[in-house]
Amino acid sequence: MKEVLAKAESKMGKTIQKLENDYAAIRAGRANPAVLDKVTVDYYGAPTPVNQLAAVSVTEARVLTIQPWDSSVCRAIERAIQKSDIGINPQSDGRTIRLVFPPLTEEKRKDIVKDVSHMAEEAKVALRSIRRDAMEKLKAMKKNGELTEDDLKQAEKKTQDITDKNVKVIDERAAAKQKEVLTI
């Protein structure tokens, strides 16, 4: 019983971590190095993340500076950024690349808030799926005689409590991200 609950809690934690990573990649009007996490560059035939090829830093509130350790890869990083879905054109001087984040319009902010809400809802659905799997395992254990009726009810209550706690965390993170996006 404890194994099932621990496994469910672990999976729920991973779901929240994935949501946080997705939120970090959202452009909220300020320069954020996490925007480049999903951008990979073809470096000597191997797809390599930008942060492994260059120093990525925030020089101003809306400017991200990328300084490749190997200047020959500068052009490849530029092309990878242009092909990605970031929506920002890189400016390069041959040694450094600058990404200037334009201020977000009100309409774009509302679209981002919708995306944030959608991501939160997907995470909640994943939590409910994890809860359902845990409940099914507990019922199977009762059916096999490994649990009594009282143990089953207690385990189901614990599973529901864990789920409720994690749903609350998701709601808090979503509200914080929405507030961040809407702040001008």
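About the thresholds
Residues numbered from 1 in each chain as written. Predicted model: local features only at pLDDT ≥ 70, side-chain atom pairs only at ≥ 80, totals over all residues. Heavy atoms only, no water. Salt bridge = Lys/Arg side-chain N within 4 Å of Asp/Glu carboxyl O. Helix = DSSP H or I, 4+ residues; strand = E, 2+ residues; numbered from the N terminus. Buried < 20%, exposed > 50% of the residue type's maximum accessible area, 1.4 Å probe, protein only. Core = buried A, V, L, I, M, F, W, Y, C linked by side-chain atoms within 4.5 Å. Contact = heavy atoms within 4.5 Å. Phe/Tyr/Trp six-rings, centres within 6.5 Å; stacked < 30°, edge-to-face > 60°.

Asker: An account of the pattern of salt bridges is needed here, citing residue identities and associated values.
Answerer: If you walk through the whole model with that rule in mind, you get 11 salt bridges. Between Arg132 and Asp133 there is a salt bridge, and its shortest N-O distance comes to 3.5 Å. Between Glu180 and Lys177 there is a salt bridge, with its nearest N and O atoms 3.4 Å apart. Within this pair, Glu180 and its partner Lys177 are both found in helix H4 (residues 149-182), separated by three residues, close to a single helical turn. Residue class for Glu180 comes out partly exposed when judged on its relative accessible area of 28%.

Asker: Describe the nonpolar core, listing the residues and the values that go with them.
Answerer: Within the largest apolar cluster, 28 residues are counted, with the highest numbers of intra-cluster contacts made by Tyr23, Ile112, Val116, Leu138 and Ile170. Broken down by secondary-structure element, the contributors of at least two residues to this core are helix H1 (2-24), helix H3 (106-143) and H4. A per-element tally of this core places H3 first, with 10 residues. If we ignore the near neighbours within four places in the chain, the residues touching Val116 are Tyr23, Ile26, Ala174, Lys177 and Gln178. One finds Val73, Cys74, Ala76 and Ile88 within the second-largest nonpolar core, a separate group that totals 21 residues.

Asker: Give a description of the packing of aromatic side chains that names residues and reports values.
Answerer: One pass over the structure, following the stated rule, counts one aromatic pair. Plain terms: the ring middles of Tyr43 and Tyr44 are 4.7 Å apart, the flat faces sit at 65° to each other, and that makes the pair edge-to-face. The class of Tyr44 is exposed, set by a relative accessible area of 71%.

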